[in-house]
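Given next are the chains, with one letter for each unit.
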Amino acid sequence: MFEGEMASLEALRSTGLVRTPRPMKVIDLPGGGAVFVMEHLKMRSLNSQASKLGDQMADLHLSNQKLREKVKAEESTVGQAGSAEPQYVTQFGFHTETCCGFIPQVNEWQDDWPTFFTRHRLQAQLDLIEKDYADREARELWSRLQVKLPDLFCGLEVVPALLHGDLWSGNVAEDDQGPIIYDPASFYGHSEFDLAIALMFGGFPRPFFTAYHRKIPKAPGFDRRLLLYQLFSYLNHWNHFGWQYRSPSLGTMRKLLK
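Scope of this entry: the structure provided in the associated data block.

Thresholds, definitions, all that
Residues numbered from 1 in each chain as written. Predicted model: local features only at pLDDT ≥ 70, side-chain atom pairs only at ≥ 80, totals over all residues. Heavy atoms only, no water. Patch = residues over 30% accessible without salt bridge, like charges linked within 9 Å, V, L, I, M, F, W, Y side chains within 5 Å. Areas by Shrake-Rupley, 256 points an atom, 1.4 Å probe, with all protein chains shown as cover. Salt bridge = Lys/Arg side-chain N within 4 Å of Asp/Glu carboxyl O. Helix = DSSP H or I, 4+ residues; strand = E, 2+ residues; numbered from the N terminus. Buried < 20%, exposed > 50% of the residue type's maximum accessible area, 1.4 Å probe, protein only. Expected span 1.5 Å × (residues − 1). Arc of directions from axis to C-beta. Contact = heavy atoms within 4.5 Å. Phe/Tyr/Trp six-rings, centres within 6.5 Å; stacked < 30°, edge-to-face > 60°.

Moving on to a nonpolar patch on the surface. Together, M24, I27, L29, V35 and V37 give the surface a local cluster of nonpolar side chains, amounting to about 350 Å² of exposed area. For the nonpolar patch, the secondary-structure elements that each account for two or more residues are β1 (23-28) and β2 (34-38). Position of I27 relative to the elements: it lies in strand β1. Given the relative accessible area of 36%, I27 is considered partly exposed.

This part is about helix α8 (residues 246-257). The terminal C-alpha atoms of α8 lie 17 Å apart, and with twelve residues this matches the ideal 16 Å at 1.5 Å per residue to within 8%. Every buried residue of α8 is accounted for by S249, L250, T252, M253, L256 and L257. For α8, the arc enclosing every buried residue in end-on projection is 155 degrees, short of the 170-degree limit, so these residues lie on one face. Residues of α8 that are buried sit in contact with α3 (113-133), α4 (136-145) and α7 (222-241).

Scanning the entire structure with this criterion turns up 22 aromatic pairs. On the basis of an interplanar angle of 80 degrees and a centroid distance of 5.0 Å, the ring pair of Y133 and W243 is categorised as edge-to-face. Of this pair, Y133 sits in helix α3 while W243 is found in the loop between α7 and α8, placing the two residues 110 residues apart along the sequence. Residue class for Y133 comes out partly exposed when judged on its relative accessible area of 23%. The interplanar angle of 80 degrees and the centroid separation of 6.4 Å between the aromatic rings of F201 and Y234 together place this pair among those described as edge-to-face. Here Y234 lies in helix α7 and F201 lies in the loop between α5 (192-198) and α6 (206-215), a separation of 33 residues in the sequence. Ring-pair connections join several aromatic residues into one group, and the members of that group are F92, W113, F116, F117, F187, F193, Y229 and F232.

These figures capture arrangement, not role.
Following this line, the structure appears as structure tokens:
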């Protein structure tokens, strides 16, 4: 869990676009368990810095796309030398396993976003629900829903974007220097995924979304895909906290089937 969080913080920090606590070391404890040491920041709830965070998250989500444009420009230029700059990431996934809450997430690289998201996010959560609850209605709704998922991405090009991966209001803050994000479960995925949970569980101040969408306007079908990404969060909460999240999980699946 801590190693995945450390790798996530390092990846986010390496862009120079967002601020996180500086990770220092994961230490194995002699009696079992571990400790994750990171920079102490005196944080308060996100408020006056919400618009700035929206700007920064949009820049983060666009950063890999800009690397792709740079690669294309360099391909048309003769005699370009290699550099130690960040490399364009062509696939969806991450170089290590991460955890969202206490549930480990497989981040095996995939060429196709709907395949990655269906297999390593939704199916993984539904497998746990099947194991613990054997919920017949969840099984039936999922069998109908999964064949319809490609329709949500018709005509949409999804460029891999470095994500926070668990961007709810409890994982962002600010101090006198500006906004801070922490407790990530990063991977390269669809930028819209980060916005889904940002609208749940208390949500973010409106200026965050205004600033974000100024740089990344909503693509056609945005609202339905947001439901799909929120489904992941409801399933994840069902697996963490139990039956009270069954109803929103199944309700979201029914909405997506309409």
